[in-house]
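# Commentary on secondary and tertiary structure
Letter by letter, the chains look like this.
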Amino acid sequence: MLTFTDKGIYCKQADVYIDPWKPVKFAIITHGHSDHARSGMKHYLCHKETEPILRLRLGKDISTQSLEYNQTLNKNGVTISLHPAGHILGSAQIRLEYKGEIWVVSGDYKLMPDGLSSPFEAVKCHHFITESTFGLPIYRFPTAESVYGSINNWWQENASEGYNSMLIAYSLGKSQSILHHLDQGIGNIFLHGAVANVNNTYNEHGYNFPGVWVSPDMNRKSIKGAMIVAPNSALSTSWSSKFPLLRKAVCSGWMQLRGARRRSAVDRGFVLSDHCDWNQLNEAVLATGAENIYVTHGYQATYAKWLSERYHLNAVEVKTQFEPAINDMD
Amino acid sequence: MKEFTKLVTAVDQTTKTNQKIQALVEYFAQAKEEDKIFAVSILIGNKPKRPVKTSELREWTAELADLPLWLFEESYYTVGDLAEAIALMLPPQQNEHQLTLKETLELLVRLSDLPSVEKKKLIIGYWMSSDTAERFVFNKLITGNFRMGVSRQLVIKALAKYLKQEPTAIAHQLMGKWNPYEENMESMFSTESHLDKSYLPYPFFLAYQLDDQPANLGAITDWCIEKKLDGIRGQIIVRNKEIFVWSRGEELLTDKFPEFTSLQQTLPSGTVIDGEIIPWKDGKPLPFQVMQTRIGRKNIAPKYLKEAPLVMVAFDLLERQGEDLRQKPLEERRDLLKQLLASHPDENLLLSEAMDFSSWEEVSKFRENAREFQCEGLMLKRKTSPYETGRRRGNWWKWKTDPMTVDGVLLYAQSGHGRRANLFTDYTFAVWDGDLLVPFAKAYSGLTDKEINVLDNWIKRNTLEKFGPVRSVKPEFVFEIAFEGINASPRHKSGVALRFPRISRWRKDKSIQAANTKSDLLQLIDVQNS
Ligand SMILES: [Zn+2]
Ligand SMILES: [Zn+2]
């Protein structure tokens, strides 16, 4: 029912694309990250909580339609529904059913609860499309809960020595789940513009993420013992260097490896990811009951080989034309 | 072992020198007394003997983690570090052990003589009673690659702070070979222990590369300027009619240099000379490589003594008649050195001449053409400078000539080892040999993170073939490769071997046709050896 084309994953029967990277008529978007939600589509379908993000990032005037989780939509005989992917707020797996054949496109997902987004729900299917960003047994992540604890401890420690703390995290998704778990009793929270923009959008829709935007004319010299949340881009610009007495940490699954930690040249690396680690991937694949697994970006060849060999699944590597740079897919 | 693991984690987590020293001092303050000397030994780079084969470690891990060996190997490749890869893949910890660092090292020593089954049982037992961080440290001890972002200099500073002694005194005590099983903190560092170690050299004073205009150094008359020769930095020590030759790497090389044996008769007792040991024939230096082949051999046949005779070009006198001269100004030390060499002439001991320049412009010009004078640049030393310890700014500078450069075509790429997982960062470059591209250099460093990302993306889309982890790519990009030296090498396809090649820039302005040729490389050798 689904094919992999140079525009993206395509369902001919329904004439829809999922997370396409070239302009098409009808695009179903799993979530708002830039490697999944691209501009130029005639019409977008996504989860209700992703809709405001698409408008923020792609323009107010785009044509969109949204669904709740588990709500269905029929398109030329194909039943389409969205299911929680647990990746970020509003992230969805796309289920498509036609004449009894069921496909699930999981987009980006994780099983480990982040305490903010709707937890992943396994959807039974015949064909399952999975990413493999951390598809090697070296990636086994601690619980998000314990990492939030370490982050607060680190902040507390820095603050007690008079230092500011800066967390580098993806502006959409990870920043919010971190902000949701910061202990506001420790000190003030400041935000990079990219994070503040996303927060404002969510806060207009019933959320209440803390933090004050650091405007260009703000006097930063007086900031002390505070937490600053910023995206990766802030590291390479002078933006981050304007804060007095600062310690920096990166929050990413890649921080599992010493080499990546050292290369990032910050004071700390927190292993916090919105993707599946090795154990979660295996658990998810088995939970779908699918016989046919399509493995996309990450360690696709290796992971497909493992699935075929260990679980005797019909697993194949899908060469995505688009290999995102590491920074875009933490 | 918990404290030591905590220390390793702490120094690994920070890039800041002060925080590393702080962590070391805290460790010394808290660790078990018997552990400390072992920690010092490990941290300054002494390796325990490897008790098991790494292939066994790999098999045991794969078995425990219930992974096929191929998957273990691919994962290990991504991590780039065996100790870390194993620590990450082992199943969760089951219980806790109470072994100290010393006991852990003793366990490793004991392992060596045990049959493989026993080794396996003990190592697995240790693994399963440790957390990931501790497993990593334990594996590092087993595999003997303990380079953990702590330099000898850092350990010295931390010990000095902890013991409230001078760093120079600590550095001196740590020179040479010593056995942590025969020493303790008392015997190594108490003031009484500073006595009879007559074979020990002084800690070397090392220069930074000058990164500024020499004019900013002030009046040229304040400086002693010498050729920077390309050899082995060493100290010759004559005390109690015995001679010791030490390299800067603190290896005792006396046996490698029979040329100097006679000095124990001719030089007065209590003499320490600092200089550069180089191959020398017919009144001029030979290429460094000549000596390298000789140093690498266990026994030096007379043939090599003849082909690559060595001399020391002496440039400093650190001890005279048993008196430590290091605090005296350089000018005075050099005068004493000259007198010594004049009164005790030896054909294997030459004086590094102070060169006569009347302006910094003249110095600059000489440096540009340094290779024509068989040297790799200049040493600039303040005439009033004492002989300091370790690498320091201010009084001594090395001013190397610009590296040689060649434009090469990117031909192969390989993902980086232990750097960023899944990213191509190791490259092989080629030059033209007729209409063929022949590889001549591998280089890792030199590009910015942004350039690495762009190139990585391009490589993934322009792969021609995969050979294991290596990909061949479409010849399209030209890079300028810089290096310090070049020599003929029949083992390499290009016919040359380079010293310290690295990428100096991405020549986006050049097409592959404009890259250099094999004959260009051979010509460079001629110029260098002229
Ligand atoms: Zn995503
Ligand atoms: Zn993604």
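Residues numbered from 1 in each chain as written. Chains lettered and ligands numbered in written order. Predicted model: local features only at pLDDT ≥ 70, side-chain atom pairs only at ≥ 80, totals over all residues. Heavy atoms only, no water.

The line we're drawing: UniProt positions are given in the numbering used here, feature names are shortened, and annotations may be inferred rather than shown by experiment.
Identification of chain B as DNA ligase (ATP) from Algoriphagus chordae is taken from an unreviewed UniProt entry. UniProt annotates chain B under Catalytic activity (unreviewed entry) with the comment "ATP + (deoxyribonucleotide)n-3'-hydroxyl + 5'-phospho-(deoxyribonucleotide)m = (deoxyribonucleotide)n+m + AMP + diphosphate."

For chain A, the name recorded in an unreviewed UniProt entry is Putative mRNA 3-end processing factor, with Algoriphagus chordae as its organism.

## A short note on the overall build of chain B
Test applied: Secondary structure follows DSSP: runs of H or I at least 4 residues long count as helices, runs of E at least 2 residues long count as strands, and numbering of each begins at the N terminus. The atom set for the radius of gyration is the C-alpha atoms, and the globule formula is 2.2 Å times the number of residues raised to the power 0.38. Three labels apply to residues, based on accessible area from a 1.4 Å probe with only protein chains included: buried if under 20% of the type maximum, exposed if over 50%, partly exposed otherwise in between. A contact between two residues is defined here by any heavy atoms of the two lying within 4.5 Å. With residues, only the protein chains shown are counted as cover, and all accessible areas are computed by Shrake-Rupley using a 1.4 Å probe. Note that His is not counted, nor are the chain ends; the positive residues are Lys and Arg, and the negative ones are Asp and Glu. For the purpose of locating charges, the reference atoms are NZ of Lys, CZ of Arg, CG of Asp and CD of Glu.
Looking only at helices and strands, one finds 19 helices and 20 strands in chain B. Its C-alpha atoms give chain B a radius of gyration of 26 Å, near enough to 24 Å, the size a compact globule of 530 residues would have. Within chain B, buried positions represent 53% of all 530 residues. Of the contacts formed within chain B by residues at least 6 apart in sequence, a portion of 71% connects residues at least 24 apart. Accessible surface, chain B: about 24,800 Å² in total, of which carbon and sulfur atoms supply 50%. Here chain B contributes 74 positive and 73 negative side-chain charges, whose respective centroids are spaced 2 Å apart.

## A few points about the domain arrangement of chain B
This is how it is decided: Where each domain starts and ends follows an automatic or database-derived domain assignment.
Domain annotation for chain B reports domain 1 (2-142), domain 2 (205-400) and domain 3 (404-529). Distance from the C-alpha centre of domain 1 of chain B to the C-alpha centre of domain 3 of chain B: 36 Å.

## A word on the interface of chain A and chain B
Test applied: The term buried area means the drop in 1.4 Å probe accessible area that two parts suffer when joined, counted for both and summed. By definition, a salt bridge exists where a carboxyl oxygen of Asp or Glu is found within 4 Å of a side-chain nitrogen of Lys or Arg. Pairs of N or O atoms within 3.5 Å make up the polar contacts considered here, provided that, within protein, one atom can donate a hydrogen while the other can accept it, and that residues adjacent in sequence are counted only when both atoms are side-chain atoms.
Facing 31 residues of chain A, the contacting portion of chain B comprises 35 residues. Summed over both sides, the interface of chain A with chain B buries roughly 3,000 Å², with 48% coming from carbon and sulfur. Where chain A meets chain B, there are 3 salt bridges. In this structure, the salt-bridge partner of D267 of chain A is K16 of chain B, at a minimum N-O distance of 2.6 Å. Run the count over chain A and chain B and you get 9 residue pairs in polar contact (both at pLDDT 80 or more). Counting only elements with at least two residues in the side of chain A that touches chain B, the list comes to α6 (258-264) and α8 (300-311) of chain A. Looking at the side of chain A that touches chain B element by element, the count peaks at 6 residues for α6 of chain A.

## Regarding the packing of aromatic side chains
How two aromatic rings sit relative to each other is set out by the distance from centre to centre and by the angle between their planes. To keep it simple, the criterion reads: Each Phe, Tyr or Trp ring (for Trp, its six-membered ring) is paired with any other whose centre lies within 6.5 Å, and the angle between the two planes then decides the class: stacked below 30 degrees, edge-to-face above 60, tilted in between. Throughout this description, the term charge over a ring refers to an Arg CZ or Lys NZ atom that lies within 6 Å of the ring centre and within 35 degrees of the ring normal.
Counted under the stated rule, the structure contains 35 aromatic pairs over all chains. Taking 6.0 Å as the distance between ring centres and 85° as the angle between the ring planes, the aromatic pair formed by W306 of chain A and Y311 of chain A counts as edge-to-face. Residues F28 of chain B and Y162 of chain B carry aromatic rings whose centres are separated by 5.6 Å and whose planes lie at 25° to one another, so their mutual orientation is stacked. With F28 of chain B in helix α2 (residues 17-30) and Y162 of chain B in helix α10 (residues 152-163), this residue pair connects regions lying 134 residues apart in the sequence. Judged by its relative accessible area of 24%, Y162 of chain B falls in the partly exposed class. Between the NZ or CZ atom of K381 of chain B and the centre of the ring of W396 of chain B, over which it lies, the distance is 4.3 Å. Over the ring of Y208 of chain B we find R393 of chain B, and its NZ or CZ is 4.1 Å from the ring centre.

## Overview of the pattern of salt bridges
Residue and element names in this part refer to chain B. For the coordinates displayed, the defined rule picks out 37 salt bridges over all chains. In this structure, the salt-bridge partner of K120 is E63, at a minimum N-O distance of 3.1 Å. Of the two residues, K120 sits in helix α8 (residues 116-128) while E63 sits in helix α4 (residues 54-65), which places them 57 residues apart along the sequence. One salt-bridge network, in which partners are shared between bridges, spans D407, E480, R505, R507, D509 and K510.

## Details of the coordination of the zinc ion (ligand 2)
All names here are of chain A. Note the following rule: Each metal's donors are the N, O and S atoms found within 2.8 Å of it, except that Na, K and Ca use a 3.2 Å limit; water is left out, so coordination can look incomplete.
Around the zinc ion (ligand 2), the protein supplies D35 (OD), H36 (NE2) and D108 (OD) as donor atoms, at distances of 2.1 to 2.6 Å. Sequence positions of the donors to the zinc ion (ligand 2) reduce to the motif D-H-x71-D. If you look at the zinc ion (ligand 2) and the zinc ion (ligand 1), they sit 3.6 Å from each other and are both ligated by D108. Remark: D108 occurs in the loop between β10 (101-105) and β11 (127-132) and D35 occurs in the loop between β4 (26-28) and β5 (43-47); sequence separation between them is 73 residues. Side by side, D35 and D108 carry an identical accessibility label, which is buried.

## Let's talk about the pairing of strand β15 (residues 463-467) of chain B
Residue and element names in this part refer to chain B. Applicable threshold: Two strands qualify as a pair provided DSSP detects at least 2 bridges between them.
With 4 bridges connecting them, β15 and strand β16 (residues 470-473) associate as antiparallel partners. When the bridges of β16 are listed, E465 appears paired with S472. Remark: 2 residues form the turn of the hairpin made by β15 and β16, two consecutive strands paired antiparallel; G468 in that turn has positive phi of roughly 55°.

## Comments concerning the side chain of S132 of chain A
All names here are of chain A. With respect to the helices and strands, the residue S132 is situated in strand β11. Looking at S132, its side chain comes within polar contact range of the main-chain oxygen of T296, at 2.8 Å. Among the polar contacts made by the side chain of S132, one reaches the main-chain amide nitrogen of Q300 at a distance of 3.3 Å. If near-sequence neighbours (up to four positions away) are discounted, S132 is found in contact with L281, V295, T296, H297, G298, Y299, Q300 and Y303.

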